Amino acid sequence: MGARIKAPQEKARPMTDIVPIRRALLSVSDKTGLVDLGKSLAEKGVELVSTGGTAKALRDAGLDVKDISELTGFPEMMDGRVKTLHPKVHGGLLAVRDNAEHVASMNEHEIGAIDLVVVNLYPFVQTVAKGGTREEIIENIDIGGPSMVRSAAKNHDFVAIVTDPADYAAVAAGETTLAQRRKFAAKAYALTASYDSAISQWFAFADQGETFPETLAITAERATELRYGENPHQKAALYLPKGPAAKGIANAVQVQGKELSYNNYNDADAALELVAEFRDAEPTVVIVKHANPCGVATAATLVEAYEAALKCDSVSAFGGIIAVNRPLDGPTAEAISGIFTEVVCAPDADDAAKAVFAKKKNLRLLLTGELPDPKRPGLTVKPIAGGLLVQNRDNGSITLDDLKVVTQRQPTEQELTDALFAWTVAKHVKSNAIVYAKDGITAGIGAGQMNRRDSSRIAAAKAKEAAETHGFTQVHTQGSAVASDAFFPFADGLLAAVEAGATMVIQPGGSMRDDEVIKAADEAGLAMVFTGMRHFRH
């Protein structure tokens with residue numbers, strides 16, 4: 001430990017707009033831009049005080065640096081856990097410079113003023129993300145850093161707190177304005193709030209295994225402001241969670257096209273979440289409009305899947321969102337270019353596909369790199385007046401082994417395949433949801449109705465219109481499987497499916513009138529299975 005720094009006698013100084021930087025305390029884990037900042041400050045005659053590795057980096061660059069121990073009169077101790085938690089530091093940060101009593105205390109206790117603090121915090125989130133041990137994670141909980149950040153930010157009338165290397169240039173001139181200091185303070189408190197939130201989340205979810213902690217701390221960083229919200233009179237922005245998150249639309253690479261709107265993001269997310277259910281399946285295409293699928297198909301090639309999905313409801317597909325589960329190729333891009341499409345989402349795209357879309361300057365092409373895991377855990381949060389509704393995300397799925405046949409007739413292998421396909425799609429349709437499917441293609445989708453019978457009829461009507469539009473030899477609901485996101489409370493919804501030509505029904509079961517519905521299915525010669533799982537979507 002070197003000789004102690006003798007604090008100069010302080011005088012009461014009125015708060016002014018511009019504050020010259022006489023002493024700066026630098027303590028950073030991320031050394032980006034550190035040396036250049038140190039040189040700029042030193043050239044302006046600023047005294048540099050620093051800690052540990054930060055001091056070494058500055059000295060190695062030939063700069064004159066005082067150790068924090070010279071300021072405090074105490075050595076760094078306990079493996080660096082205790083170094084800046086000292087009145088000589090926090091007194092120099094918190095003293096109100098135009099308060100005579102504060103200034104007298106500074107002089108009495110030989111506390112020198114600190115005009116600039118440059119801090120970034122231990123990499124807690126990064127340590128968690130890379131799978132660090134519990135001991136490593138705990139050691140990367142910064143204590144002294146956040147304390148200095150909060151002290152400096154509170155006293156921003158006189159002290160500048162810089163927590164982001166992107167802001168170094170703003171203080172390199174050796175002085176700060178009040179507007180800068182206020183902006184830095186706001187940014188600093190956002191940082192400490194986010195940092196503490198990440199720590200509390202790790203303790204609650206990872207360490208303690210809680211699902212709904214007593215306090216739910218959620219922080220996110222603004223990625224961009226959007227043109228407007230769901231409607232032009234609403235304002236909107238995109239935020240990204242601070243910490244590990246699933247790959248998806250929010251962090252996709254936009255290859256081309258106009259700026260994404262709020263509705264683009266929402267619809268593209270719906271399309272991606274549905275196509276992700278088929279990430280291990282044959283080539284699959286999803287077309288979404290207003291967050292509801294209007295056509296889904298699986299085929300031998302992407303272009304065949306697209307053409308089949310489009311024919312399900314070509315009217316709704318106009319101006320829609322498309323997601324695919326394979327890298328996009330040229331022929332599929334050519335087919336998509338045949339109608340107006342807002343957004344196309346894909347894991348990747350070849351040069352031929354990009355060249356095709358380059359001719360459509362307004363079309364947004366988003367590349368996600370990978371598809372999110374539909375079975376991943378997580379929480380969904382819905383604001384309500386006066387509170388938040390929080391639940392586990394709907395990552396439920398079923399297999400053939402989960403199905404219970406409840407009718408006299410046993411389903412065929414093809415009917416079971418179609419039923420599971422329809423069920424998967426229905427999970428992503430707004431309730432009440434009815435989906436007809438046959439041979440890996442949706443035949444008709446009924447969404448968002450207040451009763452199940454109407455959803456069934458709408459889906460059948462769409463299938464009939466598709467047959468008339470595209471000249472099918474028969475309506476594709478004939479011989480189809482029909483999925484219902486919740487149980488049929490009455491037989492009327494099931495009978496509407498019978499009228500449409502469905503031969504197979506998949507539904508959760510659990511209605512007080514299950515016996516009545518099963519009887520109607522038997523009388524119609526249907527095969528029906530219960531999943532025991534509901535997929536309401538509101």
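In case you missed it, the structure is sitting above this.
Residues numbered from 1 in each chain as written. Predicted model: local features only at pLDDT ≥ 70, side-chain atom pairs only at ≥ 80, totals over all residues. Heavy atoms only, no water.

Visitor: Can you break down the overall build of the protein chain residue by residue, with the values?
Guide: Counting its secondary structure elements, the protein chain contains 19 helices and 23 strands. Taken against the 2.2 N^0.38 rule, which gives 24 Å for 538 residues, the C-alpha radius of gyration of the protein chain at 31 Å runs more than 25% over that of a compact globule. Burial analysis of the protein chain (538 residues in total) assigns 47% to the buried set. Here the contacts in the protein chain between residues at least 6 apart in sequence split such that 57% fall between residues at least 24 apart. Carbon together with sulfur atoms contributes 52% to the accessible area of the protein chain, which is approximately 25,700 Å² in total. Across the protein chain, the mean location of the 57 positive side-chain charges is 5 Å away from that of the 68 negative side-chain charges. (Helix = DSSP H or I, 4+ residues; strand = E, 2+ residues; numbered from the N terminus. Rg over C-alpha atoms; globule rule 2.2 N^0.38 Å. Buried < 20%, exposed > 50% of the residue type's maximum accessible area, 1.4 Å probe, protein only. Contact = heavy atoms within 4.5 Å. Areas by Shrake-Rupley, 256 points an atom, 1.4 Å probe, with all protein chains shown as cover. Lys, Arg positive; Asp, Glu negative; His and termini not counted. Charge placed at Lys NZ, Arg CZ, Asp CG, Glu CD.)

Visitor: Which residues make up the packing of helix α17 (residues 452–470) against helix α18 (residues 491–500), and what are the values?
Guide: Close contact between α17 and α18 brings their axes to 8 Å; oriented N to C, the two are set at 10 degrees. As summarised for this structure, α17 and α18 are arranged roughly parallel, according to the angle between their axes. Relative to α18, α17 is oriented so that their crossing is right-handed. For the pair α17 and α18, the contacting residues are Arg453, Ser456, Arg457 and Ala460 in the first and Asp492, Gly493, Ala496, Ala497 and Ala500 in the second. Counted by class, the contact of α17 with α18 contains four nonpolar, two polar and three charged residues. (Axes fitted to C-alpha atoms, helices over the stretch in contact; angles between N-to-C directions. Parallel < 35°, antiparallel > 145°, perpendicular 65-115°, else oblique. Left-handed = near helix turned anticlockwise from the far one by under 90°. Nonpolar A, V, L, I, M, F, W, Y, C, P; charged D, E, K, R; others polar.)

Visitor: Kindly report on the pairing of strand β13 (residues 320–324), identifying the contributing residues and their values.
Guide: Burial analysis of β13 places five of its five residues in the buried class, which makes it a mostly covered element. By the alternation rule, side chains of β13 split into Gly320, Ile322 and Val324 and Ile321 and Ala323, which are all buried. Two elements, strand β11 (residues 284–289) and β13, share four bridges in a ladder whose sense is antiparallel. Within β13, the residue paired with Val286 across the bridge is Ala323. The pairing of β13 with strand β14 (residues 341–346) spans four bridges and is parallel. Its bridge partner being in β14, Ala323 is matched across the sheet by Cys345. (Pairing = 2+ DSSP bridges.)

Visitor: Any details on the environment of Thr51? Residues and values, ideally.
Guide: Looking at where Thr51 falls in the secondary structure, it is placed in the loop between β3 (47–50) and α2 (52–60). Sequence-wise, Thr51 and Lys66 are 15 residues apart; in three dimensions their C-alpha atoms are separated by 8.5 Å.

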